[in-house]
Structure formats: structure tokens, C-alpha cells
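These are the residues of each chain, in order.
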Amino acid sequence: MKKSLSLAFCCAVLAVTACTDQKTSIPEQLAPVAKPEQLSEEKPNLIVFYIDDLGYGDVSAYGATAVITPNIDKLAAKGVKFTDAHSTAATCTPSRYSLLTGEHGFRNNAEILPGDAPAIIRPGKPTLPSLLKKAGYTTAVVGKWHLGLGDGLVNWNEAVKPGPLEIGFDYSFLLPATGDRVPTVYLENHHVVNLDPQDPITVSYNEKVGDRPTGIEQPELLRMTADRQHSQTIVNGISRIGTMAGGESALWVDEDFPDIFTAKALQFIRDNQKQPFFLFHSFQDIHVPRLPNPRFKGTTKMGPRGDAIVQMDWMVGQVLNELDTLGIAENTIVVFTSDNGPVLDDGYDDMAAQMLGDHKPAGPFKGGKYSAFEGGTRMPTIVHWQGTSVAIESDALISQVDLYASMANLLNIELGADEALDSQNMLPALLGKTTTAREYLIEESVGTLGLRNGHWKYIAPIPSDKILPGWLSNKDIEMGYEKEAQLYDLASDIGEQVNIASKHPQVVAELQEKLEYLKANGFRK
């Protein structure tokens, strides 16, 4: 793509004056470096902040008052703040899969993966990072992965692959699965960080390995109690899912996550500031177990969950400040969003529900993580491209899956016939140039699928013989799984309180037919 293409976008939309704000003090190891004399302006960098379990109402830009998120608020004031933007699913694995492949997770049976699952994005599958590499980008993922690794039964003492490097990423620094699953180690590119070969790692999700105590055996060792699923090997005073032996020198400390992940993200940006780059910054926060760094403890009255939101905002701010320091903010598209809706009690007793107060994690919406209601997939979503995007609040209906086709359009890359089947080019809406976007949008939950069409929201009935996982019953979230079809008019019932399917059978029939078509054919055919 020629340099003039980027300049054309700048001329086509309103310029935005950058806000200034006093920087949060940061550890010495994260101090910025000097601005270079020359920078590439031919193609915009892309940074995606992908927060975990953050609800629509969990940041102050979207109405929160019990927790203040100044860095995200500043981004929202300068960029396009979406009020009807969605993850593709109400859980993390399918949402991540969709963002990176441009297709819905149900096309590959993408569900919440166990910690020892094989890689579900296989080598050769077109992905967003592989698309950007065609245009000369350097690509990285830093943070939570949870898309599987290897071919199953990973040997953590050898090179772990396939993984991110085999599907388009040039660099990766990962939590291999999630913070509540073993192995509790970092994986940099193909190898566990700081692993002592004389103390090899063994992991099992079927039986106990090693002699580390479990939460069931010695609950007195725990810093917070956990349900039975999360009560196996104890690391850092927290019991996890699965058991693990060995790897003592490689174990992480949860409280170090903000500094370590931020340092890795900043280093990647500094190393690649003179060429186009893509950074998928995938957060552990505010997923359980919530163990914010000591300097963030007590910053809210909501306990660890609220403090983890403040920590997350700080991490975002460090990257945004670095872009300004390096002089590359004007040439960087920043996307801030979350993988699914909020959850309070998700396996650990950290007093999230008891200390919630008047805070509404899902804002005005019903449901949350796992749920078929709007709270499951409607995400706080901000897009900012300094000097190019428009500073507006937009009610455009968009999906995270659309980032794939939108970047392809920006970079003049033609997609293959079977590539990114569910992704649509929404670049004008993403930049705030229009609020006209999707006509239809699929919302995937643990139990069923929903379909949005304007103000209509349809939720497909679950089969009469379908048995949903028992663990869903203890989440204190309205799931929306019914044996009968549901229809809501979001224009008058944003909280999905009144099912009006019986009053509009024709609308129900049309949306059911459309949903079946889209499931079979995708959005690009």
C-alpha cells in the first residue's frame, strides 16, 4: 500500500486533538526510550487490547463510578466509542478464535479449552497475523493464549509447537492457557521461560502428579478458597485447575503479571517502531484468580476485582504513553475491547459479589459471561487512530470478527473465497465515518445462538433433550437458555425483560431462517 492511502484517510475524516494527562509513575524497568528521528508512515500499526471478562459497565467511560479508568476514558474521548459492539461469543476461547481467524468459533467446535488442549488454529489456517505479514507487518502476541498448544499431551520440557509462531505471529510471550490452569509458567516463543532441565515439568488433568499440595488436601495453605474444579495444585497460595510437578524455577507470581507483560509489550513496540507492527495484547485481567499487584490493592472499595480493573487501566496507559513518547501514536490504530461479559464468582471466593455495591458490571444489560443475553457479548469497545478516526459515540452494530476483513480492505489485500467467512469490512464504521454497519450479527453463548437484526434480538431455543453443564448453575448469571424461542425489542426493552416471540411469529420465523443460513454459509457468501 502506498503512503498516500493512509494520508487519504486522514483527509477524509475529522482530525482529533490529542488529550494530555499526567503519566502514572512506572517502575524503572519500564521507562521509555528516546524518540527516533525517522518513522515509517506507510501503513498503520495495529494494537488490540483484549481484556478478559471485562463487562460493558466495568470502566468509567461506560458509566462506572465505583472504579475510575482514566487511561481508557482518555482513549474513549479521543476515539470511536461503540455502544453496540460485540465479541462473537460469551466465552473466551471462541471469541479469541474468531478475532484471529475471521470466523465464528462454532465452525471449529471452539469451546472453553482445557489446559492441555491441542492447538485449535492449525498451521496453514489463514489468520489476522498471517494476513498482516503479507503486508510486511511484524506480529506479536503477549498475554493469555487459551487457544491450545501442540498436538495434545504437550511435553513442556521441549519446544512447544504448533502455537502462535506457526499461525502468523513472529513473537509470543504467553500464559499457555489461563491464570487458573497449570502449567503456571510463561512460554516465550516455543520454550518455557527459566526452566531448569534438572527439574522437568509434568502436567496432568486426569490424575495427581508430583508432591505439591492441592487445595483439597491442604486448604489451610490457600490465600482464597476455591470450588472443587479450581482446588488442585497450589502455586503462589492459589489452587488451580489440573496438577503439576517440577518447574519450580519457572513458576510465575500472579502479582507480577502487569509489570512483566507490560515490559514485553513495550519492548516489542520499541524494537519494531520503524516498521509496521501488530500487537495482540491479550490480558489475564480481570479473569480469576484476581491477584493485583500490591501497588493497586485497595484502590477501589470492590476488592480484588475492582483493583484488577485499575491495574488493567494502568497497563493500557503504559502502552499509550509509549506510543506518544516514540512519536508513533498518529500511525497506530488502537482497539480496546473485551472477550466476553463479566462474571463475579467464577471459581474463587474473592468477595467480588459481596463487595460489588451499586456497581453494575454489565451496565444496563442482562446476563454476563456464558450468557445468551446482551451482557454476554456486548463489549466496551473503543477504536482510535490519531488524526484519522473521528471522536464520536457510535451505535453501529459491529463484531470483533470484522477486524479481519476491515484490515484487509485498508491494506488492499483480497481475501480468499473460504477465508474469514464471517468477517465483514466495517472500516468506515470503525473509524467513525458512519454508524451504518452490520445488518445481522450472531451472538454465541455456551448453550445456544442469538441473532441481532437492528432492534430485534432472537435467541434460538435449546433442544428439549440438551443437558447444559452443571457448573453453569452456580454463576449467579441469567443465562437465557430456554426450550422456547425468545424475541426481544431492544429499542424499548434493552434489558431483555419481556419475551415477545408469541406476538411476532413472522419475525421469529424470518430470524430463525436467517440464522440457519448464516450458520451454513457465513457472512461473506
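Just so it is clear, the model here is predicted, and its values are computed rather than measured.

Strand order in the open sheet made by the 4 strands is 17-18-19-20, with antiparallel pairing throughout. Here the strands that pair on one side only, and so sit at the sheet edges, are strand 17 (441-444) and strand 20 (486-489). Across the sheet, the axes of successive neighbouring strands diverge by a mean angle of 20°, strand direction being ignored. Judged from the 4 bridges that link them, strand 18 (residues 449-453) and strand 19 (residues 456-459) form a sheet pairing that is antiparallel. Following the sheet pairing, N453 is matched in strand 19 by W456. Packing against the sheet, helix 9 (residues 505-521) makes contact with strand 17, strand 18, strand 19 and strand 20, and its axis sits at approximately 110° to strand 18.

Empty space within the largest pocket amounts to approximately 390 Å³. In terms of lining, the largest pocket is formed by 21 residues, of which the most central are L344, P361, G367, D476 and I477. For the lining of the largest pocket, the class distribution of residues is 9 nonpolar, 5 polar and 7 charged.

Examined against the element boundaries, S239 turns out to sit in strand 10 (residues 238-239). Overall, the relative accessible area of 0% leaves S239 in the buried class. Through-space distance from the C-alpha of S239 to that of R181 is 8.9 Å; in sequence the pair is 58 residues apart. Setting aside residues no more than four positions away along its own chain, S239 makes contact with G215, L222, A226, H230, S231, Q232, T233, I234 and Y348. One polar contact links the side chain of S239 to the main-chain carbonyl oxygen of H230, over a distance of 2.6 Å.

The rules we used
- Residues numbered from 1 in each chain as written.
- Predicted model: local features only at pLDDT ≥ 70, side-chain atom pairs only at ≥ 80, totals over all residues.
- Heavy atoms only, no water.
- Pairing = 2+ DSSP bridges.
- Helix = DSSP H or I, 4+ residues; strand = E, 2+ residues; numbered from the N terminus.
- Axes fitted to C-alpha atoms, helices over the stretch in contact; angles between N-to-C directions.
- Contact = heavy atoms within 4.5 Å.
- 1 Å grid on protein atoms, 1.4 Å probe; cavity = no way out; pocket = protein on both sides within 12 Å on 5 of 7 lines; lining within 4 Å.
- Points joined across faces, edges and corners; volume = space filled by probe spheres on them.
- Nonpolar A, V, L, I, M, F, W, Y, C, P; charged D, E, K, R; others polar.
- Buried < 20%, exposed > 50% of the residue type's maximum accessible area, 1.4 Å probe, protein only.
- Polar contact = N/O pair within 3.5 Å; in protein donor to acceptor, adjacent residues only side chain to side chain.

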